[in-house]
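Here is how the chains run, residue by residue.
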Amino acid sequence: MRTFSDAFRSDFAALLHWRRDVRAFRTDPVDEALLSECLDAFLTAPSVGLSEPWRVVRVTSGSARAAALANFRAANAEALESYEEERATAYARLKLSGMERAPVHLVVCCDDSTAKGSGLGARTMPEMRRYSVVAAITQFWLAARTHGLGVGWVSILDPERLLRDLALPDAWRLVGYLCVGWPEAEDDTPELARAGWDAPRGHLPLWER
């Protein structure tokens, strides 16, 4: 059985701790070979029934990026209206997207129509395909972090509008809009915690039956 050293386990724990959602990016380009190496992490990700349902779209055109940014701004304005008083003021101060400066934009979708895997494991829980995509994104995120790259996951979006704007297949469902690039600064504390929005749990609640 393959085992790992104490030093590796210590580095891995540090990697998990320093994997933060990044929203403030430098505009320096990301080397294409480096990006490709990080994206290869998708190839080793677990997936239900070996279905590999992830579909990764690189958003490069000015029109596509403009549509995505307009989508975020509309969704963000709507979200702001859902809060009141102090919470609304706090929300308005938050930086919730790095879309304007991040050099790399990736749309990661789940192909619910994939025939790969022949439906194994997804017949009773079809959502397992999307969970598989989330696991693959996590692997990519950690791989990027080992090189000093930052990743930001933008979830304040209208997913159906985004899929239409990018003319993606009907069977695809948005899982993540990722901004990738070099962070302006690094911190091992979640940005929302630093901004006072909420605090991370210090321990894992564990139930037993």
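Relevant structure appears above.
These figures come from a predicted structure and were not determined experimentally.

Conventions we followed
Residues numbered from 1 in each chain as written. Predicted model: local features only at pLDDT ≥ 70, side-chain atom pairs only at ≥ 80, totals over all residues. Heavy atoms only, no water. Axes fitted to C-alpha atoms, helices over the stretch in contact; angles between N-to-C directions. Helix = DSSP H or I, 4+ residues; strand = E, 2+ residues; numbered from the N terminus. Parallel < 35°, antiparallel > 145°, perpendicular 65-115°, else oblique. Contact = heavy atoms within 4.5 Å. Nonpolar A, V, L, I, M, F, W, Y, C, P; charged D, E, K, R; others polar. Pairing = 2+ DSSP bridges. Patch = residues over 30% accessible without salt bridge, like charges linked within 9 Å, V, L, I, M, F, W, Y side chains within 5 Å. Areas by Shrake-Rupley, 256 points an atom, 1.4 Å probe, with all protein chains shown as cover. Salt bridge = Lys/Arg side-chain N within 4 Å of Asp/Glu carboxyl O. Lys, Arg positive; Asp, Glu negative; His and termini not counted. Charge placed at Lys NZ, Arg CZ, Asp CG, Glu CD. Buried < 20%, exposed > 50% of the residue type's maximum accessible area, 1.4 Å probe, protein only. Core = buried A, V, L, I, M, F, W, Y, C linked by side-chain atoms within 4.5 Å. 1 Å grid on protein atoms, 1.4 Å probe; cavity = no way out; pocket = protein on both sides within 12 Å on 5 of 7 lines; lining within 4 Å. Points joined across faces, edges and corners; volume = space filled by probe spheres on them.

Asker: Explain the packing of helix 1 (residues 6–18) against helix 5 (residues 128–146) to me, please; I cannot follow it from the model alone.
Answerer: Between two packed helices, both the angle of their axes relative to each other and the distance between the axes serve to describe the pair. At their nearest, the axes of helix 1 and helix 5 sit 10 Å apart, and the two run at 105° to each other. Taken together, helix 1 and helix 5 sit at an angle that is classed as roughly perpendicular. Facing Leu 15, Leu 16 and Trp 18 of helix 1, the residues of helix 5 in contact are Leu 142, Arg 145 and Thr 146. Partitioning the contact of helix 1 with helix 5 into residue classes produces 4 nonpolar, 1 polar and 1 charged.

Asker: In this structure, what is going on with the sheet that holds strand 2 (residues 104–111)? I would like to understand it.
Answerer: Two modes of strand pairing occur in sheets, parallel and antiparallel, and in both the strands are linked by backbone hydrogen bonds. Here 4 strands make up an open sheet; going across it, the order is 1-2-4-3 and the pairing antiparallel. Each edge of the open sheet carries a strand with a single partner, namely strand 1 (54–58) and strand 3 (150–154). Strand-to-strand, the axes of this sheet are offset by a mean angle of 30°, without reference to chain direction. Relative to strand 4 (residues 172–181), strand 3 is paired through 5 bridges, and the arrangement is antiparallel. Its bridge partner being in strand 4, Gly 152 is matched across the sheet by Cys 179.

Asker: Would you mind showing me how to read the environment of Met 128 here?
Answerer: You can see Met 128 is positioned in helix 5. If near-sequence neighbours (up to four positions away) are discounted, Met 128 is found in contact with Val 48 and Gly 121.

Asker: I keep staring at the packing of helix 3 (residues 62–81) against helix 4 (residues 85–93) and nothing clicks. Help me out?
Answerer: Their axes nearest at 9 Å, the elements helix 3 and helix 4 cross at an angle of 160°. When the axes of helix 3 and helix 4 are compared, the pair comes out roughly antiparallel. Across from Asn 76, Ala 79 and Leu 80 in helix 3, the residues of helix 4 making contact are Ala 88, Tyr 91 and Ala 92. Residue classes in the contact of helix 3 with helix 4 are distributed as 5 nonpolar, 1 polar and no charged.

Asker: Got a minute to help me understand a negative patch on the surface in this structure?
Answerer: On the surface, Glu 78, Glu 81, Asp 158 and Glu 160 cluster together into a patch of negative charge. Take Asp 158: it is sitting in the loop between strand 3 and helix 6 (159–165). Exposure remark for Asp 158: the relative accessible area of 34% places this residue in the partly exposed category.

Asker: Just checking my understanding: could you explain the nonpolar core for this structure?
Answerer: As a rule of thumb, soluble globular proteins bury nonpolar side chains together. Counting 29 residues, the largest nonpolar core has Phe 72, Met 99, Val 107, Leu 162, Leu 168 and Tyr 177 as its most contacted members. For this core, the element with the most residues is helix 3, which contributes 6 residues. Once you skip the residues sitting within four places of it in the chain, Leu 162 turns out to touch Ala 68, Asn 71, Val 107, Leu 157, Leu 174 and Tyr 177.

Asker: Please clarify how the layout of surface pockets should be interpreted in this entry.
Answerer: Unoccupied space between atoms shows up once a probe the size of one water molecule is rolled over them. The computed volume of the largest pocket comes to approximately 340 Å³. As for the largest pocket, its lining consists of 19 residues, of which Arg 20, Asp 21, Val 22, Glu 191 and Arg 194 are closest to the centre. A per-element tally of the lining of the largest pocket places helix 7 (residues 191–194) first, with 3 residues. Classifying every residue of the lining of the largest pocket by side-chain character gives 7 nonpolar, 1 polar and 11 charged.

Asker: Just to check I follow, could you spell out the pattern of salt bridges for this structure?
Answerer: For side chains of opposite charge, pairing can occur when their charged atoms come near one another. For the structure shown, the criterion picks out 12 salt bridges. The partner of Arg 26 in a salt bridge is Asp 28, and the shortest N-O contact between them spans 3.3 Å. By relative accessible area, which is 34% here, Arg 26 ends up partly exposed. Across the salt bridge formed by Arg 130 and Asp 112, the nearest N and O atoms sit 2.6 Å from each other. Of this pair, Arg 130 sits in helix 5 while Asp 112 is found in the loop between strand 2 and helix 5, placing the two residues 18 residues apart along the sequence. Among the residues examined, Arg 130 registers a relative accessible area of 36% and is labelled partly exposed. Residue classification places Asp 112 among the partly exposed positions, given a relative accessible area of 27%.

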